[in-house]
Amino acid sequence: MPSFDIVSELEIFEVNHAVQNTQKEIATRFDFRGQDVSIDINEKNKEIKISTESDFQCEQVYSMLENHFFKRKIDIQALDPQKMTASGKNIIQVIKLKDGLDSDTAKKINKAIKESGIKVQSSIQGDKIRVTDKKRDTLQQVMAFLKEQQFGVPLQFNNFKD
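Please read all numbers here as calculations on a predicted model, not as lab measurements.

Chemist: What's the story with the sheet that holds strand β9 (residues 156–161) in this structure? I'm lost.
Modeler: Think of a sheet as strands paired side by side through backbone hydrogen bonds, with each pair either parallel or antiparallel. In space, the 4 strands of this open sheet follow the order β7-β8-β1-β9, with antiparallel pairing throughout. Each end of this open sheet is capped by a strand with a single partner; those strands are β7 (121–125) and β9. Sheet twist, expressed as the mean angle between neighbouring strand axes with direction ignored, is 20°. The sheet contact formed by strand β1 (residues 3–7) and β9 spans 4 bridges and is antiparallel. Residue Ile6 lies in a different strand from β9, and its bridge partner there is Phe157.

Rendered as structure tokens:
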């Protein structure tokens with residue numbers, strides 16, 4: 001029976017490249033010359049930390065990071081920016097990375113599939129949702145439907161079986 005899995009996986013090496021490219025751009029930008037501006041990634045905690053001298057610079061660096069995410073085809077929904085905090089003379093912003101489907105989001109996706117009127121079977125299996133049906137076309141309809149929706153996390157479809 002044809003099936004596929006709905007997952008939300010973050011390719012951390014692509015995120016690393018986006019952060020490194022942002023660091024290179026900061027080094028070459030004239031308006032950041034001589035300023036205390038940095039961006040670092042903590043892979044273990046899955047968060048990115050931006051440290052600047054003003055909130056305007058922090059917004060600029062975040063915008064550059066989003067741009068590099070877009071260039072590397074990483075969904076920007078994976079970013080969860082926290083509030084900027086002042087630490088001494090620096091402004092620090094922590095951006096958490098969303099990786100994996102939590103149970104609430106999985107329930108929302110499952111409910112959306114059921115309410116769409118497309119007759120498929122979907123079940124939550126840990127951090128993924130398995131969708132099955134007799135016809136491949138119906139499964140592709142579900143994929144197209146989910147691509148139009150916004151659930152706050154990037155979705156990928158993998159493990160497609162005939």
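Chemist: Would you explain the side chain of Ser122 in this entry?
Modeler: For Ser122, the location among the structural elements is in strand β7. Among the polar contacts listed, one links the side chain of Ser122 to the side chain of Asn110, at a separation of 2.3 Å. In terms of polar contacts, Ser122 uses its side chain to reach the side chain of Lys114, at 3.4 Å. Among residues more than four places away in sequence, those in contact with Ser122 are Asn110, Ile113, Lys114, Ile129, Arg130 and Val131.

Chemist: It is not clear to me how the domain arrangement of the protein chain should be interpreted in this structure. Could you clarify?
Modeler: By a widespread convention, an interface's size corresponds to the accessible area lost as its parts come together. As far as domains go, the protein chain holds domain 1 (3–8 + 100–161) and domain 2 (12–97). Each of domain 1 and domain 2 has a C-alpha centre, and the two are 31 Å apart.

Chemist: Can you help me understand the pattern of salt bridges in this one?
Modeler: Once the charged atoms of two side chains with opposite charge are near each other, the side chains can pair. Tallying each qualifying case throughout the model produces 6 salt bridges. Across the salt bridge formed by Asp99 and Lys46, the nearest N and O atoms sit 2.7 Å from each other. Taken together, the positions of Asp99 in the loop between β6 (90–97) and α3 (103–115) and Lys46 in the loop between β2 (38–42) and β3 (47–52) put the pair 53 residues apart, joining distant regions of the chain. According to the relative accessible area criterion, Asp99 is partly exposed, its value standing at 33%. Note on Lys46: relative accessible area 31%, which makes it partly exposed. Members of the salt-bridge network, linked through shared partners, are Asp5, Lys128 and Arg130.

Rules used in this analysis
- Residues numbered from 1 in each chain as written.
- Predicted model: local features only at pLDDT ≥ 70, side-chain atom pairs only at ≥ 80, totals over all residues.
- Heavy atoms only, no water.
- Pairing = 2+ DSSP bridges.
- Helix = DSSP H or I, 4+ residues; strand = E, 2+ residues; numbered from the N terminus.
- Axes fitted to C-alpha atoms, helices over the stretch in contact; angles between N-to-C directions.
- Polar contact = N/O pair within 3.5 Å; in protein donor to acceptor, adjacent residues only side chain to side chain.
- Contact = heavy atoms within 4.5 Å.
- Domains from an automatic or database assignment.
- Salt bridge = Lys/Arg side-chain N within 4 Å of Asp/Glu carboxyl O.
- Buried < 20%, exposed > 50% of the residue type's maximum accessible area, 1.4 Å probe, protein only.

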